[in-house]
Amino acid sequence: MPVLCPCGRTQAKGQPLTLDTCCGPYHAGQAAPDAQSLMRSRYSAFVLGDVPYLLTTWHSSQRPAELTLEAGAKWLGLEIKQHRTTGEDTAEVEFVARFRVDGKAVRQHERSRFVREGGRWFYVDGDVL
Ligand SMILES: [Zn+2]
């Protein structure tokens, strides 16, 4: 059974993409083609607990020295609200990520900024909405 991608991306016909044909290649080192794809692959990395990927795709100006993921968080889904190009190498993605932790449902609504350097997109920072 192929594993569906945690980010929930679908093909044109609404078929969900598998991890291997969606975020998996980015986790394996392929450059994400746009900020939305990078955002999605970072969400998937949260779900999969891929801390090295989260740090690698964090812009060096904002990257934390280390990252500890919330233990026991159950990720429920990602919804991309808007993907906006703001410059030649900058973009913004507005999203809602839902997860449950300690029995409480959390809805994280954020507008994140991304920058492209050397052909790769990086997460810079974001505003909680
Ligand atoms: Zn994906």
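As named in an unreviewed UniProt entry, the protein chain is UPF0225 protein IC609_04305, taken from Limnohabitans radicicola. According to UniProt, the comment filed for the protein chain under the heading Sequence similarities (unreviewed entry) is "Belongs to the UPF0225 family."

A. Summary view of the pattern of salt bridges. Under the definition given, this model contains five salt bridges. Measuring nitrogen to oxygen at the nearest pair gives 2.9 Å for the salt bridge that ties Arg116 to Asp89. Here Asp89 lies in the loop between strand S1 (74-87) and strand S2 (90-101) and Arg116 lies in strand S3 (residues 104-117), a separation of 27 residues in the sequence. Two residues, Asp125 and Arg113, come together in a salt bridge whose shortest N-O distance is 2.8 Å. With Asp125 in strand S4 (residues 120-128) and Arg113 in strand S3, this pair connects stretches of sequence that are twelve residues apart.

B. Fine view of the sheet that holds S3. Reading across from one edge, S1-S2-S3-S4 is the order of the four strands in this open sheet, with antiparallel pairing throughout. Looking at the sheet topology across the chains shown, the edges are occupied by S1 and S4. Averaged over neighbouring strand pairs, the angle between their axes works out to 25° when direction is ignored. In this sheet, S2 lies alongside S1 in antiparallel orientation, the contact comprising eleven bridges. In the sheet register, Lys74 faces S2, and the bridge partner there is Arg100. Contacting S1, S2, S3 and S4, helix H2 (residues 35-48) crosses the sheet at an angle of about 160° to S1.

Rules used in this analysis
All residue numbers here refer to positions counted from 1 along the written sequence of the relevant chain. Owing to the predicted nature of the model, reporting of local features is limited to residues with pLDDT of at least 70; listing and counting of side-chain atom pairs is limited to 80 or more, with chain, interface and lining totals taken over all residues. The side-chain figures draw on all heavy atoms in the structure; neither hydrogens nor water molecules are used. UniProt positions are given in the numbering used here, feature names are shortened, and annotations may be inferred rather than shown by experiment. Any Lys or Arg side-chain nitrogen found within 4 Å of a carboxyl oxygen on Asp or Glu counts as a salt bridge. Here a strand is any run of E in DSSP of at least two residues, a helix any run of H or I of at least four, and the numbering for each starts at the N terminus. Whether two strands pair depends on DSSP finding at least two bridges between them. An axis is simply a line fitted to the C-alpha atoms; with a helix, the fit covers only the stretch in contact. Between two such axes, the angle follows the N-to-C directions and lies from 0 to 180 degrees. Residue contacts follow a heavy-atom distance rule, with two residues in contact if any of their heavy atoms lie within 4.5 Å.

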